Amino acid sequence: MPTPSARPLRVLLVGLFPPTVGGITAQLVQMLEGPLAQRVDLIPFNTSRPPKKRGVGDPGYRALLSDGLGRLLKGAWVTLQHLAAFPGVLRSVRPDVVHVHTPPFAPFWESALYVWMAKSRGLPVILHFHYDLETYYRNELPFLRPLIWRVIERVDRFVVLSEKDHRLLEERGYRHILVLPPSLRVEAFSPRAGERPPAPPLRVLFVGGKELPRKGIDMVLEAARILKKEQAPVRFSLAALSDLYRERLRQMGLEDWCEDLGWIFGEAKYRAFRSHHVLVLPSRAEGMPMVLMEAMAAGMAIVATPVGGIPDIVQPGYNGVLIPVDDPYALSRALWELALEPSTLTRYGHHNRTLIQTQDDLFYAGLLTLLYEEVSGRWRAWKPASVDLAVQ
């Protein structure tokens, strides 16, 4: 077995850094600020574009026009600047590994160009896909679908977030796949004494963001309406809403039932998770959502839909509840039952805290260091594997 070089590996980290917000950005910032940065030399390359003003979200190409032609043209210009700058960055940085993080649709094809430029220079490339691959393939333009596989074939390692995507790719004969759910600062979310009041009332947290319709915000509001009508012992806190859904909240008369937390960051975010009992995530599509991992670290119960990588780690009756997509009555019923069963909440929270320990950022840093050494040729003994969060 060769001995690793004394010089730290130099990794060019390509993706959506601030001012962009969201799960990918949170993951990249965590990598820069966590223990991984003590092991390898991380150089960020920011591919962020102008932020959406409306924030109502659409993961497909319609999102490009959500704020009008002006934002589309400005975004295209910024993207062209990124692409033009990238070859010079490769020459000046001279990375050992290029690690590209990408969401689906238009950013995926931008990322494919970064992959192509890096591979043209003979550099090892890891492409880290932050979405549900099957959903993306199904909703991509038909003439582009075959090209998805060409991009995956081009990279040295293709990282996915769920075992579901791993199985899909294995069935197509790919053997360079790694399953790697997000990491996080587990200790920051650890419950503090007195922060989480006893239930009932059940304190429910929903975290939206840029793609609120995909996250199921309409299902959350409808479930809140149902529960308010029945005077159930359940209250909601809603984070990262757009103005559109704040207005809808007001129109539905739910202001006294749903607290609008705004956008939450840092200690305010940690405190929000630590002070609630349940995270709701009635999404229509997901990869492996960061917010789910954060809720587990906070010892919360989970009520979610069985999409993307969520079924890999949420087992009904063990650490949460799975409900059908687009079913606000199932969501309201699950929350009401949890409000009346505090012992179930405690049990689910304990199981989630136990499961999430493998996602501590120190553990994650070790895995990524091994991955970088393997693709760069410094360490040939390590083989691709997966981080198993699934309930056995």
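For the structure itself, look to the data block above.
Since the model is a prediction, treat every value here as computed from it, not as a measurement.

Can you tell me about the packing of aromatic side chains, naming the residues and giving the values?
Per the stated rule, a full pass over the model turns up 14 aromatic pairs. Both rings, one in F108 and one in F129, keep their centres 5.9 Å apart while their planes meet at 90 degrees; by these two values the pair is edge-to-face. In this pair, F108 is assigned in helix 4 (residues 106-120) and F129 in strand 4 (residues 125-129), connecting sequence segments 21 residues apart. F129 sits in the buried class, given a relative accessible area of 0%. Of the aromatic side chains, those joined through ring pairs into one cluster are F105, F108, W109, F129, Y136 and F158. Note that R145 overlies the ring of Y137, its terminal NZ or CZ placed 5.8 Å from the centroid. A cation sits over an aromatic face here: R235 above W257, 3.5 Å from the ring centre.

Which residues make up unusual backbone geometry, and what are the values?
Residues P18 and P19 are joined by a peptide bond in cis, for which omega reads 20 degrees. Relative to the elements of secondary structure, P19 occurs in the loop between strand 1 (10-15) and helix 1 (23-33). The step from P200 to P201 runs through a cis peptide bond, and the omega angle for that step is 0 degrees. Phi angles above zero are rare outside glycine, and R94 is one such case at about 50 degrees. Here R94 is to be found in the loop between helix 3 (68-93) and strand 3 (97-102).

Report on the sheet that holds strand 9 (residues 258-262), specifying residues and quantitative values.
Strand order in the open sheet formed by 6 strands is 9-8-7-10-11-12, and the pairing between neighbours is parallel. At either end of the open sheet lies a strand with only one pairing partner, and these are strand 9 and strand 12 (320-322). Taking the axes of each pair of neighbouring strands and ignoring which way they run, one obtains an average angle of 20 degrees across the sheet. Of the strand pairs in this sheet, strand 8 (residues 234-239) and strand 9 are connected by 4 bridges, and their pairing is parallel. Of the residues in strand 9, the one forming a bridge with L238 is D260.

Describe in detail the pattern of salt bridges, supporting the description with residues and values.
Inspection of the entire model under this criterion finds 20 salt bridges. Here K228 ties to D256 by a salt bridge, and the two come within 2.9 Å at their closest N and O atoms. With K228 in helix 10 (residues 217-229) and D256 in the loop between helix 11 (243-251) and strand 9, the pair connects residues that are 28 residues apart, well separated along the chain. Given the relative accessible area of 54%, D256 is considered exposed. A salt bridge links D243 to R246; the nearest nitrogen and oxygen atoms lie 3.0 Å apart. Residue D243 and its partner R246 are both found in helix 11; the two are separated by 3 residues, about one turn of the helix. Note on R246: relative accessible area 27%, which makes it partly exposed. Taken together, the shared-partner salt bridges connect E195, E267, R271 and R274 into one network.

Give me the lowdown on the packing of helix 13 (residues 290-297) against helix 16 (residues 342-356), citing residues and values where you can.
In contact at an axis separation of 7 Å, helix 13 and helix 16 are set at 115 degrees when each is read in the N-to-C sense. Classed by the angle they form, the pair helix 13 and helix 16 counts as roughly perpendicular. Residue-level inspection shows M293, M296 and A297 of helix 13 in contact with helix 16, the latter providing N352, R353, L355 and I356. The residue makeup of the contact of helix 13 with helix 16, split by class, is 5 nonpolar, 1 polar and 1 charged.

How would you summarise the pairing of strand 8 if you had to cite specific residues and measurements?
Burial analysis of strand 8 places 5 of its 6 residues in the buried class, the great majority of the element. Across 6 bridges, the pairing between strand 7 (residues 202-207) and strand 8 is parallel. Within strand 8, the position partnered with F206 by the bridge is L238. Each parallel crossover has a hand, and for strand 8 linked through helix 11 to strand 9 it is right-handed.

Let's hear about the sheet that holds strand 1: which residues, and what values?
With parallel pairing, 6 strands are arranged side by side in an open sheet as 2-1-3-4-5-6. For this open sheet the edge positions go to strand 2 (41-46) and strand 6 (177-179), each flanked by a neighbour on one side alone. Pairs of neighbouring strands in the sheet enclose a mean axial angle of 20 degrees, with direction left out of account. Strand direction decides the pairing type here: strand 1 and strand 3, joined by 4 bridges, are parallel. The residue of strand 3 that forms the bridge with L13 is H99.

The rules behind each value
Residues numbered from 1 in each chain as written. Predicted model: local features only at pLDDT ≥ 70, side-chain atom pairs only at ≥ 80, totals over all residues. Heavy atoms only, no water. Phe/Tyr/Trp six-rings, centres within 6.5 Å; stacked < 30°, edge-to-face > 60°. Helix = DSSP H or I, 4+ residues; strand = E, 2+ residues; numbered from the N terminus. Buried < 20%, exposed > 50% of the residue type's maximum accessible area, 1.4 Å probe, protein only. Lys NZ or Arg CZ within 6 Å of the ring centre and 35° of its normal. Pairing = 2+ DSSP bridges. Axes fitted to C-alpha atoms, helices over the stretch in contact; angles between N-to-C directions. Salt bridge = Lys/Arg side-chain N within 4 Å of Asp/Glu carboxyl O. Parallel < 35°, antiparallel > 145°, perpendicular 65-115°, else oblique. Contact = heavy atoms within 4.5 Å. Nonpolar A, V, L, I, M, F, W, Y, C, P; charged D, E, K, R; others polar. Right-handed = clockwise from strand over helix to strand, strands pointing away.

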